[in-house]
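Residue strings, one per chain:
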Amino acid sequence: MKKALIVGGASGIGLAISVALAEREDYDKVYILDKKQLDTTKFSHKITSRIFDITQLDYSLLSEYKDIDTLMITAGFGRLARFEDLSERHIIDSFNVNAVGAIRIIHYFYDRLLSKETFRCGVMVSIAGFMSSPLFSVYASTKAALKIFIESVNVELLKSGTHNCILNISPGSIKGTAFNNGQTDLSLTMPLANEIIENLENGNDLFIPQYEEVYKTVLARYANDFRKEGEHSYEYKMNSGRFS
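Anyway, here's the lowdown on the structure attached to this text. (Residues numbered from 1 in each chain as written. Predicted model: local features only at pLDDT ≥ 70, side-chain atom pairs only at ≥ 80, totals over all residues. Heavy atoms only, no water.)

1. A short note on the packing of helix H1 (residues 12-22) against helix H5 (residues 186-201)
Two measures define how a pair of helices packs: the angle their axes make with one another and the distance between the axes.
Thought 1: It is the contact of H1 with H5, at a shortest axis distance of 8 Å, that shows an interaxial angle of 65 degrees. When the axis of H1 is compared with that of H5, the two are roughly perpendicular. Helix-helix and strand crossings are classified by hand; for H1 and H5 the assignment is right-handed. For the pair H1 and H5, contact is made by Gly12, Ile13, Leu15, Ala16, Ile17, Val19, Ala20 and Leu21 and by Leu186, Thr189, Met190, Leu192, Ala193, Asn194, Ile196 and Ile197, respectively. (Axes fitted to C-alpha atoms, helices over the stretch in contact; angles between N-to-C directions. Helix = DSSP H or I, 4+ residues; strand = E, 2+ residues; numbered from the N terminus. Parallel < 35°, antiparallel > 145°, perpendicular 65-115°, else oblique. Left-handed = near helix turned anticlockwise from the far one by under 90°. Contact = heavy atoms within 4.5 Å.)

As structure tokens, this is what we get:
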């Protein structure tokens, strides 16, 4: 039977992935580490929750989860704002949570990725990490760092001879999460959670939800003229109702 660790799994897409894995017969334990405690009585008995702050210096409690078969890192946050309106604390915390924390966790479990045994690992990145994202400058920068890290390490894993890799999950805005002051709604996030798990189980290294429908064209426009697409992104966000 398999065991999964979801870092940032107490809400949003992380919670949806936790619930979806708990519903599978081949998983008997789903461990959630998050800065807030999850009331697990509302969910499967397979799910346990524990407080963990990804910005803390001491990661030694991760040693208690060395027997997991699946690692998902979904912790992250962002704020839609002009760069001039962001505090220095926000900049530091953004990189510590969105990029440095994820890289540290992967480093902690890197021996499992290098193993000949199957070890599934996925990270919630963002489509914002693939292009300039005005009004999301710091958030996009953290995700761009994570994107390049994953791509670089995946080559190292390939050359080491293992079949394991890290799955970069890079969606756009996800409905049913608390990311943009919304509320967690599993009815909206479960379909995406199951798609993510399918890509994870298939050993894929990149999953961009709605790629054919939306982001293939967006990425092509960006590659053709990043300045013009940056302006388009700015106007889109300003007119979206998410920016005040």
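Past the structure itself, the notes keep going.
2. Quick word on the sheet that holds strand E3 (residues 47-51)
Within a sheet, adjacent strands bond to each other through the backbone by hydrogen bonds, running parallel or antiparallel.
Thought 1: One open sheet accounts for seven strands, arranged E3-E2-E1-E4-E5-E6-E7; its pairing is parallel. The sheet is open, and its two edges are formed by E3 and strand E7 (206-207), each paired on a single side.
Thought 2: Here four bridges tie strand E5 (residues 120-124) to strand E6 (residues 166-169), and the two strands are oriented parallel to one another. When the bridges of E6 are listed, cysteine 121 appears paired with isoleucine 166.
Thought 3: Set on the sheet, helix H2 (residues 88-108) makes contact with strand E1 (2-7), strand E4 (70-73), E5 and E6; between it and E4 the angle comes to about 170 degrees. (Pairing = 2+ DSSP bridges.)

3. Brief notes about the nonpolar core
Thought 1: If you look at the biggest cluster of nonpolar residues, it comprises 31 residues, and the most contacted ones within it are Leu5, Leu71, Ile105, Ile106, Phe109 and Ile166.
Thought 2: Of all the secondary structure elements, the ones that give two or more residues to this core are E1, strand E2 (27-34), E4, H2, helix H3 (110-114), E5 and helix H4 (137-160).
Thought 3: Broken down by element, the residue count for this core peaks at five residues, all from H4.
Thought 4: Other than its neighbours up to four places away in sequence, isoleucine 166 contacts Ile106, Leu113, Cys121, Val123, Ile150, Val153, Asn154, Leu157, Asn204 and Asp205.
Thought 5: With 28 residues, the next largest nonpolar core counts Leu15, Met124, Ile174 and Ala193 among its residues. (Core = buried A, V, L, I, M, F, W, Y, C linked by side-chain atoms within 4.5 Å. Buried < 20%, exposed > 50% of the residue type's maximum accessible area, 1.4 Å probe, protein only.)

4. A few points about the pairing of E2
Thought 1: For E2, the tally of buried residues reaches six of eight residues, placing the bulk of the element in the interior.
Thought 2: In this sheet, E3 lies alongside E2 in parallel orientation, the contact comprising five bridges. Looking at E3, one finds that isoleucine 32 is bridged to serine 49.

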